[in-house]
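Tertiary structure, described
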Amino acid sequence: MKLTVLAAAVVGSGFALFAGSANAGVTTDHHGNVGYDSYDECVAAVKDGSAKFYTPYTHQQPKRMAGETSVKKMVLSDLTIPSNIAAQMPINTSDYSAGACDKGVGQSNGRYGVSGVLVGKYVPFAPDMPINVYMNRNKEVVRVTMQQCDNHFGGKFPTPVISEIKAPKPQVAIQEERSVEPVITEVKRVIRPTKYQIKEVIVAPEDQVNRVSTEAGTAVTVEGEAQTVYLGNQVNPAILNEVEVNQPVPVITVPDDSE
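Residues numbered from 1 in each chain as written. Predicted model: local features only at pLDDT ≥ 70, side-chain atom pairs only at ≥ 80, totals over all residues. Heavy atoms only, no water.

Glancing now at helix H1 (residues 39-48). Among the 10 residues of H1, seven are classified as buried, and the element is accordingly described as predominantly covered. Each element contacted by the buried residues of H1 is listed here: strand E3 (34-36), strand E5 (100-103) and strand E6 (122-125). Directly after H1, the chain includes Gly49, whose backbone phi takes a positive value near 85°. (Buried < 20%, exposed > 50% of the residue type's maximum accessible area, 1.4 Å probe, protein only. Helix = DSSP H or I, 4+ residues; strand = E, 2+ residues; numbered from the N terminus. Contact = heavy atoms within 4.5 Å.)

Here the focus is the environment of Asn33. By secondary structure assignment, the location of Asn33 is in the loop between strand E2 (26-28) and E3. Since its relative accessible area comes to 0%, Asn33 is described here as buried. Setting aside chain neighbours within four positions, we find Asn33 in contact with Thr27, Thr28, Lys52, Phe53, Tyr54, Thr55, Tyr57 and Leu118. Within the structure, Asn33 has its side chain in polar contact with the backbone nitrogen of Thr55 (distance 2.8 Å). (Polar contact = N/O pair within 3.5 Å; in protein donor to acceptor, adjacent residues only side chain to side chain.)

The next subject is unusual backbone geometry. Peptide bonds are mostly trans, and most non-glycine residues show a negative phi. For Lys139, which is not a glycine, the phi torsion comes out positive at approximately 65°. Along the chain, Lys139 falls in the loop between strand E7 (130-135) and strand E8 (141-146). Located in the positive-phi region is Asp150, a residue other than glycine, with phi close to 60°. Secondary-structure assignment places Asp150 in the loop between E8 and strand E9 (182-190). We classify Asp150 as buried; its relative accessible area is 1%.

A few words on the state of the cysteines. What is meant by a disulfide is a covalent connection between two cysteines, made through their sulfur atoms. Counted under the stated rule, the structure contains one disulfide. Between the sulfur of Cys42 and that of Cys101 lies a disulfide, 2.1 Å long from S to S. Residues Cys42 and Cys101 are joined by a disulfide whose S-S torsion is about -85°; by sign, that bridge is left-handed. Of this pair, Cys42 sits in helix H1 while Cys101 sits in strand E5, and the two are 59 residues apart along the sequence. Across this residue pair, the class does not change: Cys42 and Cys101 are buried. (Disulfide = S-S within 2.5 Å.)

Here we take up the nonpolar core. Of all hydrophobic cores here, the largest spans 21 residues; its most connected members are Tyr54, Leu79, Tyr96, Phe125, Ile131 and Met146. Counting residues per element, the ones that place at least two in this core are E6, E7 and E8. When sequence neighbours within four positions are dropped, the list of residues in contact with Tyr54 reads Asn33, Gly113, Val114, Ser115, Leu118, Val123, Pro124, Phe125, Met129 and Met146. Tyr36, Val43, Val46 and Ala98 belong to the second largest nonpolar core, which has 12 residues in total. (Core = buried A, V, L, I, M, F, W, Y, C linked by side-chain atoms within 4.5 Å.)

Let's shift gears to the side chain of Ser115. Counting through the fold element by element, Ser115 comes out in the loop between E5 and E6. Reaching out from Ser115, the side chain makes a polar contact with the side chain of Asp29 at a distance of 2.6 Å. In this structure Ser115 touches Asp29, Tyr54 and Tyr57, once residues within four positions along its chain are discounted.

What follows is about the pattern of salt bridges. One pass over the full model with this rule turns up three salt bridges. The salt bridge partner of Asp37 is Lys121, with a shortest N-O separation of 2.9 Å. Placement of Asp37 in the loop between E3 and H1 and of Lys121 in the loop between E5 and E6 is noted, with a sequence separation of 84 residues between them. Judged by relative accessible area, Lys121 falls into the partly exposed class, the value being 22%. We note a salt bridge from Glu68 to Arg143, for which the minimum N-O separation is 2.6 Å. Placement of Glu68 in the loop between H1 and strand E4 (70-75) and of Arg143 in strand E8 is noted, with a sequence separation of 75 residues between them. Per residue, the accessibility class of Glu68 equals that of Arg143, and both read buried. (Salt bridge = Lys/Arg side-chain N within 4 Å of Asp/Glu carboxyl O.)

Next comes the structure, spelled out in structure tokens:
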């Protein structure tokens, strides 16, 4: 693995990675709701904007179960999954800022789930979907349902979609030969002569550098020590050919995950 040259002018807005879902297996019920054959296909559709989020078509009042003392109405994205519940879920996130892709289930405990043809399929739920949040006597959230119909999800909490706005986590290091190239966090152009001055250089493993295409160009993130994240635009190789170093340049080394 090797390390890559990147120049960084700070990018102020978030960004998302999009995966194609053109070949996703889609099932549609007679209400127009859809389900996908796999969680990954559902997530890809959510991220590329092709997903049709689930819309309830029945109406039921909230129904508390044993141990539930109160119920609160909110939208899915406002809910934070309790840490003890999040630790048991297959997806490593505790929020619904990107919505959910939950495996459809049928009727149980006097409430429905999704329509029959979507049972076993992965159904997309929007971040702004209204939900019922059930709490125990300690005001701890113990269960979530769809607000309009009080229908339940595949579990007590739906399976979330990880938001790509979050900083990328370092990948597991693989012991092999690596080459090093700098990451430039600021480049200032001098009009006369036509030279560029490097203000700061970061050296980082390529597998800890994440490139993302945005409308403003190619953005990069590099995660360093203490979860520090460097974010910026990829450098034009022509700049590096005309670099002028006339003063000490701070160098930050982002360690290999194995170090």
